[in-house]
Every structure is written in C-alpha cells, then in structure tokens.
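One letter stands for each residue in the lines below.
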Amino acid sequence: MNIVIIGAQWGDEGKGKIVDFLAGDAEAIVRYAGGANAGHTIVIDRREYALHLIPSGILYPGKQVFLGGGMVIDPQALFEELRLLEERGIDWQGRVFISDRAHLVLPRYRKIDVDRDAVRKKPIGTTGRGIGVAYALKSERVGVRLADLDNGEALGNLETGDTAFLDQYRDRLLAMKTDMAAELYRLRGKNVLFEGAQGSLLDIDSGTYPYVSSGLSSAAGAASGSGVGPRALDKVLGVCKAYTTRVGNGPLPTEFDQKSQSALYQFVRDTGREYGVTTGRARRCGSLDLVALRYACRVNSLDALVLTHLDVYDTLDEVEVCVAYDIAGKRVTDFPGSIADLTAAKPVLRKFPGWKTPVTGTHTFKELPQAAKNYIEFIEEFTETPVDTVSVGYERTQTIVRNQIWS
Ligand code: GDP
Ligand code: IMO
Ligand code: MG
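Residues numbered from 1 in each chain as written. Chains lettered and ligands numbered in written order. Predicted model: local features only at pLDDT ≥ 70, side-chain atom pairs only at ≥ 80, totals over all residues. Heavy atoms only, no water.

1. Notes on the packing of aromatic side chains
Then comes step 1: Across all of its chains, the model carries 12 aromatic pairs by this definition.
Then comes step 2: On the basis of an interplanar angle of 25 degrees and a centroid distance of 5.3 Å, the ring pair of phenylalanine 66 and phenylalanine 97 is categorised as stacked. In this pair, phenylalanine 66 sits in strand β5 (residues 64-67) while phenylalanine 97 sits in strand β7 (residues 96-99), placing the two residues 31 residues apart along the sequence.
Then comes step 3: Classification of phenylalanine 66 as buried rests on a relative accessible area of 0%.
Then comes step 4: Aromatic rings pair up to connect Tyr243, Tyr313, Phe352, Trp355, Tyr375, Phe378 and Phe382 into one cluster.
Then comes step 5: For arginine 172, the ring lying beneath its charged end belongs to phenylalanine 79, and the centroid distance is 4.4 Å.
Then comes step 6: The ring of phenylalanine 365 is capped by arginine 402, whose NZ or CZ atom sits 3.5 Å from the centre of that ring. (Phe/Tyr/Trp six-rings, centres within 6.5 Å; stacked < 30°, edge-to-face > 60°. Helix = DSSP H or I, 4+ residues; strand = E, 2+ residues; numbered from the N terminus. Buried < 20%, exposed > 50% of the residue type's maximum accessible area, 1.4 Å probe, protein only. Lys NZ or Arg CZ within 6 Å of the ring centre and 35° of its normal.)

Have a look at this one:
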C-alpha cells in the first residue's frame, strides 16, 4: 500500500512525528519535495531528533529511506545531517538512497537566495537554503542532477568553485544513487510511505503564491517527485494542527491579533513550542482556518486528516475556528487565489467551548472530553473529511488512531 503524508497547512503540522509513527509498518519511506528548508522534529522516549533532508523513517532501524527526484539536495547539509545522526547512534549506512533525478544545491545558491529575497519589495522570508534558486535553475534546464555527476558534458553549467565543492562529495553521493522508478516497482505491493515536506499552502501551484516554497509539496508531487504514477498512490493523509501556524511572510487570515490577543498569541507559541527548527524563527500563530483547510482537502483529494497539537488548547475557555472570510464586505467561503483578497480577508469566526482537561494521556477517541470531540466533529463536517488520527503530544506514543491506517 502506498500512503502519502502531506502538510495540509503552511508546514510544520507535525508530519515528521506522524511519518515516524507510521514508519514502523512501512517497508520504505520516500521524501519527494523540498530540501533542507524542511525541519521535522521527532521525539522518542524524550530524545529529540531534528531532520531536514533525511526522511523521518530513518529512526527505525533497518528501514530503507529514499530522497526522491522532486527534491533539491545540498550535499553539505546532507552529510552533516548524516554525521549528526551517526553521533546519536543511528546507523544509516546502506539504507539511504537518492534518486538519480534529484537536483543538487550548490553553496552559491544560498547566497543568491538570501540576496534576492533581501532586494524584493515584499520579501518572502525564505529559509535561505538556496531552495528557490535550485528549482529555478531546474526549470531553466541548467540545474545539476545527481545522474549527471559523473558526466562532465552534462555538468557544463558549473562555475568556478562548483567542481571543487562537488569533488568532495561525488563518490559518496554516487554510492547512494538509485533509479526510483525501478525501486518503487520492486516495492509494489509492499507498504511505502511518501513523506511530504512543507505544506499544500506552500506548494508552488496550490499555495499562496508568491509566498510559497518552490517545490511540489502537495499530494500531486508525491507521484512526480518520486517515480510512480498518481494511480499508484492508495491513500493521502493531510496533517493539520488544531490551530494554524506559518513561518515567513505572506497572508495568514486567522493570525491572532498582536495587540488584543497578545496573551493568547504568546500562550499558543510557547505551549506549542512554535519556533522553527530550521531557522529558529518564531512561527506566526492563529486560529484554525477551515476555509484554507477545506481547500487543502479538495486539491489533495485527502482521504483523511491527521489532527495534531490538540493538547495545546487544553486549558483554554473557548476555541475558535474560521468558517468564512469577509473580503471588502463580501462573505467568501472558498479559498481565494488572489493574494490581495487573502491579505484583505477578515476571518468570520465560530466559537466552541474549550475542554479544559488535559488530553495528553488519552489513548482512544472515546476517552477525549466531549468538547474536544465536538471540535473535531465540526472540522470533519466542515471539510467533509474524516479525522482518522489525533495527536495529543509530541511523543510517538501520544497518538490516537480511530481507523486503521494501513488498510
Ligand atoms: P513538520 O515540519 O510537519 O514535521 O513539523 P515540525 O517538526 O517542524 O513541527 C511540529 C512540532 O510539533 C515538533 O516540535 C513536534 O515535536 C511537535 N508536535 C507534533 N505533534 C504534536 C502534538 O500533537 N502536540 C504537541 N504539543 N506537539 C506536537
Ligand atoms: P516543513 O517540512 C514551514 C517557508 C519559508 C518561507 C517560504 C519559502 O518543516 O513543514 P524557501 O526557503 O522554501 O524558499 O522559503 O516557505 N517554508 C516552510 N515553512 N515549514 C517548512 O517545512 C518550510 N519550508 C519552507 O519559511 O516562508
Ligand atoms: Mg517543520
């Protein structure tokens, strides 16, 4: 069975935790988009691991992990991450493979990324990892792919310094090179997890352009960025928080008001530990935006939602969700493509009583407080998508499964 896990918001929904939770029953785990802009934090028995390029399944001994052709890979960041994993006792040798079609990120791309964002009239607030530059060069058809590393002719677009950089990594990278179409064909019939990075609203096509990343982080990217056709994907799960966060610039219609809601803002940020693992930036926080989430359900044909961070709301008297936007006096219930409309959008909020009970030790949906169940059931009704899994804490074990996922 092929299951895709995507972020259904603007990233950092807890994909890493969920992929790790599901990886135990998977034969292989495949990342298909983005690069070292991603940051996935996984907590197992109070030990915390931060991953950027390597699929979260690496923490399970013996699992094969693949970095797909839709990714842009910085060799320096890759080997640094592998070194850190090794230091933490994770044996990765012989089970990390990279698609021959993946593009490489060269050191100079990072500087170009930072410089270009700085001179923009309205900066995006990129992670400065050279991601947009690598995808732009890929589209211009002058990028550097792993498949071409041992082919001088295909590497004609290199500049001074690039060759010396690549020389340090060439042999180690080529040792991990693989043909993903063949590998995934070999794995047909087995359980394979496709691990999303970023989120559907950061996808270059379905996201809030231009305030997006440059890869295909939506479900569609799982096919094109790995090496199987879309009909081979059996299930798509969208991970979303019980609220909304975003790092970097761009519209966030439900963002808590910095003045009138400053205590709530700080509470959610601190309780949810909403600080980016890649850049350390504080994440912007707001109420759950159901207009945006329903859009993500539709454009990714989500089979189910995985709701994370429910515990963060444990002590609140009331919780709110956004059910429509007011844009210049007009009530809008479909997610707008126009950035001007999204920026002008005022959320129409619906209040729910809080549950005021810790859910962190809950193991079944039945045990959840009724007010929390009401909140979840409203999300299901509004998005017309079942919430199959609920995460009530960052530990692997703090996960409530309502319907068997691998079936
Ligand atoms: P990803 O990029 O989607 O993998 O998410 P990140 O790892 O960047 O951010 C999610 C953060 O929330 C991490 O620090 C996780 O350990 C943590 N987390 C995941 N699920 C939960 C949850 O249900 N409750 C709480 N409190 N934290 C969670
Ligand atoms: P994970 O996988 C949250 C955001 C950046 C910036 C925009 C473009 O951890 O969910 P880029 O460097 O990609 O060109 O930046 O996208 N961004 C993310 N935000 N989580 C991520 O990944 C992100 N990857 C990129 O903050 O606003
Ligand atoms: Mg993250």
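2. Here we look at the nonpolar core
Then comes step 1: Judged by nonpolar contacts, the single largest core of 58 residues is most densely connected at Ile58, Leu78 and Leu193.
Then comes step 2: Ignoring anything within four residues of it in the chain, the contact list for leucine 193 reads Ile3, Ile5, Val19, Leu22, Ala23, Ala26, Ala28, Ile29, Val30 and Trp406.
Then comes step 3: In terms of nonpolar packing, the next biggest core, distinct from the first, is built from 56 residues, Ala33, Tyr243, Phe256 and Trp355 among them. (Core = buried A, V, L, I, M, F, W, Y, C linked by side-chain atoms within 4.5 Å. Contact = heavy atoms within 4.5 Å.)

3. Quick word on the coordination of the magnesium ion (ligand 3)
Then comes step 1: Only Asp12 (OD) and Gly39 (O) from the protein coordinate the magnesium ion (ligand 3), and they sit 2.0 to 2.1 Å from it. Of this pair, aspartate 12 sits in the loop between β1 (2-7) and α1 (15-23) while glycine 39 sits in the loop between β2 (28-31) and β3 (40-44); the two residues are 27 residues apart in sequence, bridging distant segments of the chain.
Then comes step 2: Judged by relative accessible area, aspartate 12 falls into the partly exposed class, the value being 21%. (Donors = N, O, S within 2.8 Å, 3.2 Å for Na, K, Ca; no water.)

4. Quick look at the site of ligand 2
Then comes step 1: Taken together, 20 residues surround ligand 2, and among them Asp12, Lys15, Thr127, Gln198 and Ser213 come closest.
Then comes step 2: Residue glutamine 198 places a main-chain N or O atom 2.8 Å away from an oxygen atom belonging to ligand 2.
Then comes step 3: Between ligand 2 and valine 247 there is a distance of 3.1 Å, counted from an oxygen atom to a backbone nitrogen or oxygen.
Then comes step 4: Coverage of ligand 2 by the protein amounts to 98% of the 550 Å² it exposes when considered alone.
Then comes step 5: Here the residues of the shell around ligand 2 are counted per class, giving 7 nonpolar, 10 polar and 3 charged.
Then comes step 6: Here the shell around ligand 2 gathers at least three residues from each of two domains, domain 1 (2-237) and domain 2 (241-401). (Near = heavy atom within 4 Å. Polar contact = N/O pair within 3.5 Å; in protein donor to acceptor, adjacent residues only side chain to side chain. Areas by Shrake-Rupley, 256 points an atom, 1.4 Å probe, with all protein chains shown as cover. Nonpolar A, V, L, I, M, F, W, Y, C, P; charged D, E, K, R; others polar. Domains from an automatic or database assignment.)

5. Quick notes on the sheet that holds β5
Then comes step 1: On the basis of which strands lie adjacent, the open sheet formed by 10 strands has the order β9-β7-β5-β2-β10-β1-β11-β15-β19-β20 and mixed pairing. Edge strands, defined here as strands with exactly one partner in the open sheet, are β9 (177-178) and β20 (399-401). (Pairing = 2+ DSSP bridges.)

6. Concerning the side chain of glutamine 398
Then comes step 1: Assignment of secondary structure puts glutamine 398 in the loop between β19 (387-391) and β20.
Then comes step 2: Those residues in contact with glutamine 398, other than ones at most four positions away along the chain, are Lys17, Thr360, Val390, Ser391, Val392 and Gly393.

7. Comments concerning the site of ligand 1
Then comes step 1: Every one of the 18 residues lining ligand 1 counts as a neighbour, but Lys15, Gly39, Thr41, Asp311 and Ser391 are closest to it.
Then comes step 2: A distance of 2.9 Å separates an oxygen atom of ligand 1 from a polar atom in the backbone of glycine 14.
Then comes step 3: Lysine 15 places a polar main-chain atom, nitrogen or oxygen, 2.8 Å from an oxygen atom of ligand 1.
Then comes step 4: Summarising the interface, the protein chains cover 96% of the accessible area of ligand 1, which totals 580 Å² for the free molecule.
Then comes step 5: The set of elements that each furnish at least two residues to the shell around ligand 1 consists of α1 and β3.
Then comes step 6: Looking at the shell around ligand 1 element by element, the count peaks at 3 residues for α1.
Then comes step 7: When grouped by side-chain class, the residues that make up the shell around ligand 1 number 3 nonpolar, 9 polar and 6 charged.
Then comes step 8: The two domains that each donate at least three residues to the shell around ligand 1 are domain 1 (2-237) and domain 2 (241-401).

8. Quick word on unusual backbone geometry
For residues that are not glycine, phi is negative in most cases, and the peptide bond is trans in most cases.
Then comes step 1: Put simply, tyrosine 209 and proline 210 share a cis peptide bond, and its omega is 5 degrees.
Then comes step 2: Along the polypeptide, proline 210 turns up in the loop between β10 (192-195) and α7 (220-224).
Then comes step 3: Phi angles above zero are rare outside glycine, and glutamate 384 is one such case at about 55 degrees.
Then comes step 4: Inspection of the secondary structure puts glutamate 384 in the loop between α11 (370-383) and β19.

9. Structural notes on the packing of helix α9 (residues 290-299) against α11
Then comes step 1: Contact pair α9 / α11: the axes reach a minimum separation of 9 Å and the direction vectors enclose 55 degrees. Looking at the two axes, α9 sits oblique to α11. In this structure, the crossing between α9 and α11 has a hand that is right-handed. Judged by residue contacts, Leu290, Val291, Leu293, Arg294 and Cys297 of α9 engage Phe378, Ile379, Phe382 and Thr383 from α11.
Then comes step 2: The residue makeup of the contact of α9 with α11, split by class, is 7 nonpolar, 1 polar and 1 charged. (Axes fitted to C-alpha atoms, helices over the stretch in contact; angles between N-to-C directions. Parallel < 35°, antiparallel > 145°, perpendicular 65-115°, else oblique. Left-handed = near helix turned anticlockwise from the far one by under 90°.)

10. Some remarks on the domain arrangement of the protein chain
Then comes step 1: Along its sequence, the protein chain is organised into domain 1 (2-237) and domain 2 (241-401).
Then comes step 2: Spacing between the C-alpha centres of domain 1 and domain 2 amounts to 26 Å.
Then comes step 3: In this assembly, 45 residues from domain 1 lie in contact with 44 residues from domain 2.
Then comes step 4: Considering only the side of domain 1, the residues that lose the most area to domain 2 are Gln9, Trp10 and Lys17, jointly responsible for 20% of the buried surface there.
Then comes step 5: Between the two partners, domain 1 and domain 2, sit 3 salt bridges.
Then comes step 6: Notably, a salt bridge pairs glutamate 48 with arginine 273, separated by 3.6 Å at the nearest N-O pair.
Then comes step 7: Along the contact surface separating domain 1 from domain 2 lie 28 residue pairs in polar contact (both at pLDDT 80 or more). (Buried area = accessible area lost by both parts, 1.4 Å probe. Salt bridge = Lys/Arg side-chain N within 4 Å of Asp/Glu carboxyl O.)

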